[in-house]
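Coordinates in review
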Amino acid sequence: EYQKAEETIQDIKGLEKAKGFNNMDVKVSIFTSAFIAELTMYNRKGEFDNTLNSIISNSRMEEELKDKINKEKEIVIYFHKAYAYFGTGDFKKALAIVNILINDNEQKLRQDIYSFSRVLNIMIHFELENYDFLEYVTKSTSRYLGKQDKDFTIETVFVKMISKIMKKGTENKTEILGQLKVEMDSLFQNKKERIILDYIDIESWVESKLNEESFALTVKR
């Protein structure tokens, strides 16, 4: 219910001027809650240009509060920014932000985001046609996922299929992505496996490759 979501985000933003909501901790909480909700909403809708507009319009406040935003919220904001740039086709900017997350040393917070960042990293290199480097990336991602204390199958299946494309050659990518779609359709019957779609719509990405249409258009559809 996106209309209600937008109204609620505006309500949250309005709390900053309300009585009892004007101390610094609350100000930071109001800003990060509204900002993350807005980024999430636009990305979920495939309105990546609107996400970038939100990033720009909130940049001054983000800079002002950067030393007060907690690490967990910072990680989430970084991820949504990277995903938005990916969605608009600015893969180099997306990669620059994803690299910040991948190279982060504090990875006890939000292990899900760090794992999803590695999946997004593979998608970015695929789009940039960095096929030689992708072989290394898929191997390192598989090792990383193998060490995590979680039980999501979709990430492992996705990485294996992209690795399969690298081994068999990109001329076979349509066939292998078709196989991936079939496996995803089965896995996503499990509600737990669908959690990744709250952050990366890999279902739409695979469809966009198979249908040769833009990722943003596929997400919207």
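Up top you'll find the structure we're talking about.
Here's what I pulled together on the structure shown here.

Parameters and conventions
Residues numbered from 1 in each chain as written. Predicted model: local features only at pLDDT ≥ 70, side-chain atom pairs only at ≥ 80, totals over all residues. Heavy atoms only, no water. Helix = DSSP H or I, 4+ residues; strand = E, 2+ residues; numbered from the N terminus. Buried < 20%, exposed > 50% of the residue type's maximum accessible area, 1.4 Å probe, protein only. Contact = heavy atoms within 4.5 Å. Axes fitted to C-alpha atoms, helices over the stretch in contact; angles between N-to-C directions. Parallel < 35°, antiparallel > 145°, perpendicular 65-115°, else oblique. Left-handed = near helix turned anticlockwise from the far one by under 90°. Salt bridge = Lys/Arg side-chain N within 4 Å of Asp/Glu carboxyl O. Core = buried A, V, L, I, M, F, W, Y, C linked by side-chain atoms within 4.5 Å. Polar contact = N/O pair within 3.5 Å; in protein donor to acceptor, adjacent residues only side chain to side chain. Phe/Tyr/Trp six-rings, centres within 6.5 Å; stacked < 30°, edge-to-face > 60°. Lys NZ or Arg CZ within 6 Å of the ring centre and 35° of its normal.

Bringing the side chain of His-125 into the picture now. Here His-125 lies in helix α7 (residues 111-127). A relative accessible area of 6% means that His-125 is categorised as buried. Non-local contacts of His-125, meaning those with residues more than four positions away in its chain, are made with Leu-95, Asn-130, Phe-133, Leu-134 and Val-137.

It is the contact of helix α6 (residues 91-102) with α7, at a shortest axis distance of 9 Å, that shows an interaxial angle of 150 degrees. Taken together, the axes of α6 and α7 are roughly antiparallel relative to one another. For the crossing formed where α6 meets α7, the hand is left-handed. Residues Phe-91, Ala-94, Leu-95, Val-98, Asn-99, Leu-101 and Ile-102 of α6 lie in contact with α7, whose contacting residues are Tyr-114, Ser-117, Arg-118, Leu-120, Asn-121, Ile-124, His-125 and Glu-127.

The next thing to look at is the pattern of salt bridges. Here the structure, examined in full by the defined rule, presents 17 salt bridges. Of the charged contacts, one joins Lys-71 and Glu-74 as a salt bridge, the two residues approaching to 3.6 Å between their closest N and O atoms. Placement of the pair is Lys-71 and Glu-74 together in helix α5 (residues 71-87), with a separation of 3 residues, close to one helical turn. The partner of Glu-127 in a salt bridge is Lys-209, with the nearest N and O atoms 3.0 Å apart. Placement of the pair is Glu-127 in helix α7 and Lys-209 in helix α11 (residues 202-211), with a sequence separation of 82 residues. Exposure remark for Lys-209: the relative accessible area of 27% places this residue in the partly exposed category. One salt-bridge network, in which partners are shared between bridges, spans Glu-6, Lys-45 and Glu-47.

In this section: the nonpolar core. Judged by nonpolar contacts, the single largest core of 64 residues is most densely connected at Phe-79, Phe-86, Leu-120, Phe-158, Ile-200, Ile-202 and Trp-205. Not counting residues up to four positions away in its chain, the partners in contact with Trp-205 are Phe-86, Met-123, Phe-126, Glu-127, Phe-158, Ile-162 and Phe-215.

Turning to the environment of Thr-40, a few remarks are in order. With respect to the helices and strands, the residue Thr-40 is situated in helix α2 (residues 24-45). On the basis of relative accessible area, Thr-40 is assigned to the buried category, the value being 19%. Separated by 71 residues in the primary sequence, Thr-40 and Gln-111 place their C-alpha atoms 18 Å from one another. From its side chain, Thr-40 meets the backbone oxygen of Ile-36 in a polar contact 2.7 Å long.

Each aromatic ring pair is specified by the distance between its two centres and by the angle formed by the two planes. Under the counting rule described, the total for this entry stands at 13 aromatic pairs. Between Tyr-83 and Phe-215, the ring centres sit 6.1 Å apart and the planes meet at 75 degrees, which makes this aromatic pair edge-to-face. Here Tyr-83, found in helix α5, pairs with Phe-215, found in helix α12 (residues 215-220); they are 132 residues apart in sequence, far enough to count as distant. Considered together, Tyr-83 and Phe-215 belong to a single accessibility category, that of buried residues. Ring plane angle 35 degrees and centroid distance 5.3 Å describe the contact between Phe-116 and Tyr-199, whose orientation is recorded as tilted. Here Phe-116 is found in helix α7, whereas its partner Tyr-199 is found in the loop between α10 (173-187) and α11, with 83 residues between them in sequence. Three or more aromatic residues link up through ring pairs in this structure, and these residues are Phe-48, Phe-79, Tyr-83, Phe-86, Phe-91, Phe-116, Tyr-199 and Phe-215. Geometry around Tyr-144 places Arg-118 over its ring, the cationic atom sitting 3.7 Å from the centre.

Let us now look at the side chain of Ser-117. Among the secondary structure elements, Ser-117 is positioned in helix α7. A polar contact is formed between the side chain of Ser-117 and the backbone oxygen of Ile-113, at a distance of 2.8 Å. Among residues more than four places away in sequence, those in contact with Ser-117 are Phe-79, Val-98, Leu-101 and Ile-102.

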